[in-house]
Amino acid sequence: MSRIAYVNGQYVLHGEAAVHIEDRGYQFADGVYEVVDIANGELVDEEPHLDRLDRSLDELRIAWPMSRRAMKLVMRQVIARNLVKNGMIYIQITRGVAPRDHGFPAGVPSSLVMTAKSTKPVPAEQPDDQGIAVISTPDIRWTRPDIKSVALLPNILCKQKAREAGAYEAWLVDADGYVTEGSSTNAWIVTKNNEVVTRGTGGNAILNGITRQAFIKLMATNGLTFVERKFTVAEALEAKEAFISASTTRIKAVVRIDGKPVGNGHPGETVAKLRRIYWAAAAEGGILPKQPTNIREPRA
Ligand code: PDD
């Protein structure tokens, strides 16, 4: 399969795509990214992803490499050139290429890289779903995981720990014993009282997932009771159901935590319901606002 990447103004063969060795993303992880789901050729909740990209850039004082309108055109080009109908697009912006120095370089344009790939669509109905296992592990990240930074070293170490334990995901636990989120997903439980619970964004302890936001909105109109609060691993083990969410994963039922069963040890009805309603929403390009909340043009 011939794949095309976008690198700083050029569409190049994926296998030959390269950035300079002094790109600050490479040297300092000085950059941000987004991953957007593509369903039936449509970007799912594109504007909220671009709003979050804008926020990440703003928090790190990295300039937009081009206008948001131009970025959307490039995204469509990358998707079209890779013939993606179902899959994902990856967007990465770094502070640019400059001689290695910790302080921000002056007058350096941001670097922009995009890739897109096809993935096999997962059906909304999954009667044979076995669910996934997670492990819990201390949240060893910096204090700003709300920023979608490419600095993912703690996340990858935790994910690898999960893999080596035969689990799919690691749930990160803060110093007070509460789950923050997964290494690349948000974490949820469904209590015995049928409350669907996930941690709030206060204190910048989690990434405010776009899928998370979509689920919260969908719950209100689909008879599910949503409660935003912290929970512990012990509470998750007492829960009826647990699950994870992210743009690529969408939703997966968590049936084991640290080797112990959640609920009856099988995916439950809340996950099946959320999957059904989210799949329908994703096929329509998502359900979050279709208008940007804020447009900042590139800085001079
Ligand atoms: N991960 N929390 C973390 C730490 C994440 O890395 C992600 C996404 C999420 C879910 O966010 P969203 O629903 O907006 O995808 C939560 C992406 C998919 C990744 O790193 O590949």
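Residues numbered from 1 in each chain as written. Predicted model: local features only at pLDDT ≥ 70, side-chain atom pairs only at ≥ 80, totals over all residues. Heavy atoms only, no water.

### Re the sheet that holds strand 6 (residues 111–118)
- Taking strand neighbours across the sheet as the criterion, the 6 strands line up as 2-1-6-5-3-4 in an open arrangement whose pairing is antiparallel. Each end of this open sheet is capped by a strand with a single partner; those strands are strand 2 (10–13) and strand 4 (42–43).
- Both strand 3 (residues 31–39) and strand 5 (residues 87–94) contribute to a ladder of 8 bridges, which runs antiparallel. Bridging across to strand 5, Asp37 finds its partner in Met88.
- Contacts from helix 2 (residues 46–60) reach strand 3, strand 4 and strand 5 within the one sheet, and its direction differs from that of strand 3 by about 175°.
- Contacts from helix 3 (residues 68–81) reach strand 1 (4–7), strand 2, strand 3, strand 4, strand 5 and strand 6, with the element oriented near 35° to strand 6. (Pairing = 2+ DSSP bridges. Helix = DSSP H or I, 4+ residues; strand = E, 2+ residues; numbered from the N terminus. Contact = heavy atoms within 4.5 Å. Axes fitted to C-alpha atoms, helices over the stretch in contact; angles between N-to-C directions.)

### Some details on the domain arrangement of the protein chain
- Per the domain assignment, the segments making up the protein chain are domain 1 (4–118) and domain 2 (132–282).
- Look at where the C-alpha atoms of domain 1 and domain 2 centre, and you get two points 26 Å apart.
- In this assembly, 20 residues from domain 1 lie in contact with 20 residues from domain 2.
- Taking both partners together, domain 1 and domain 2 bury about 1,700 Å²; carbon and sulfur atoms supply 59% of that area.
- When the buried surface of domain 1 facing domain 2 is broken down by residue, Tyr33, Asp37 and Arg52 rank first, second and third, together holding 35% of it.
- Counting across the domain 1 and domain 2 interface gives 3 salt bridges.
- Across the salt bridge formed by Arg250 and Asp37, the nearest N and O atoms sit 2.8 Å from each other.
- Summed over the shared surface of domain 1 and domain 2, the result is 8 residue pairs in polar contact (both at pLDDT 80 or more).
- Contributions of two or more residues to the side of domain 1 that touches domain 2 are made by strand 3, helix 2 and strand 5. (Domains from an automatic or database assignment. Buried area = accessible area lost by both parts, 1.4 Å probe. Salt bridge = Lys/Arg side-chain N within 4 Å of Asp/Glu carboxyl O. Polar contact = N/O pair within 3.5 Å; in protein donor to acceptor, adjacent residues only side chain to side chain.)

### Remarks on the packing of helix 5 (residues 210–221) against helix 7 (residues 269–283)
- Their axes nearest at 11 Å, the elements helix 5 and helix 7 cross at an angle of 110°. Put simply, helix 5 runs roughly perpendicular to helix 7. Residues Thr211, Ala214, Phe215, Leu218 and Met219 of helix 5 form the contact with helix 7, whose own contacting residues are Leu274, Ile277, Tyr278 and Ala281. (Parallel < 35°, antiparallel > 145°, perpendicular 65-115°, else oblique.)

### A closer look at the pattern of salt bridges
- Counting across every chain of the model gives 20 salt bridges.
- Arg24 is the salt-bridge partner of Asp30, the closest N and O atoms lying 2.8 Å from each other. In this pair, the class of Asp30 matches that of Arg24, namely buried.
- One salt bridge connects Glu47 with Arg68, and the closest N-O pair in it is separated by 2.5 Å. Highlighted residues: Glu47 in helix 2 and Arg68 in helix 3, separated in sequence by 21 residues. The two residues Glu47 and Arg68 agree in class, both being buried.
- Ionic contacts of the salt-bridge type, sharing partners, join the residues Glu47, Asp51, Arg68 and Lys72 into one network. (Buried < 20%, exposed > 50% of the residue type's maximum accessible area, 1.4 Å probe, protein only.)

### Description of the site of the ligand
- Around the ligand, 21 residues are found, and the nearest of them are Tyr33, Glu181, Ile210, Thr211 and Ser247.
- In this structure, Glu181 approaches the ligand through a side-chain N or O atom, which is 2.6 Å from a nitrogen atom.
- Between the ligand and Ser247, the relevant distance is 2.7 Å, taken from an oxygen atom to a side-chain nitrogen or oxygen of the residue.
- Residues that form the shell around the ligand fall into these classes: 5 nonpolar, 12 polar and 4 charged.
- Here the shell around the ligand spans two domains, since at least three of its residues come from each of domain 1 (4–118) and domain 2 (132–282). (Near = heavy atom within 4 Å. Nonpolar A, V, L, I, M, F, W, Y, C, P; charged D, E, K, R; others polar.)

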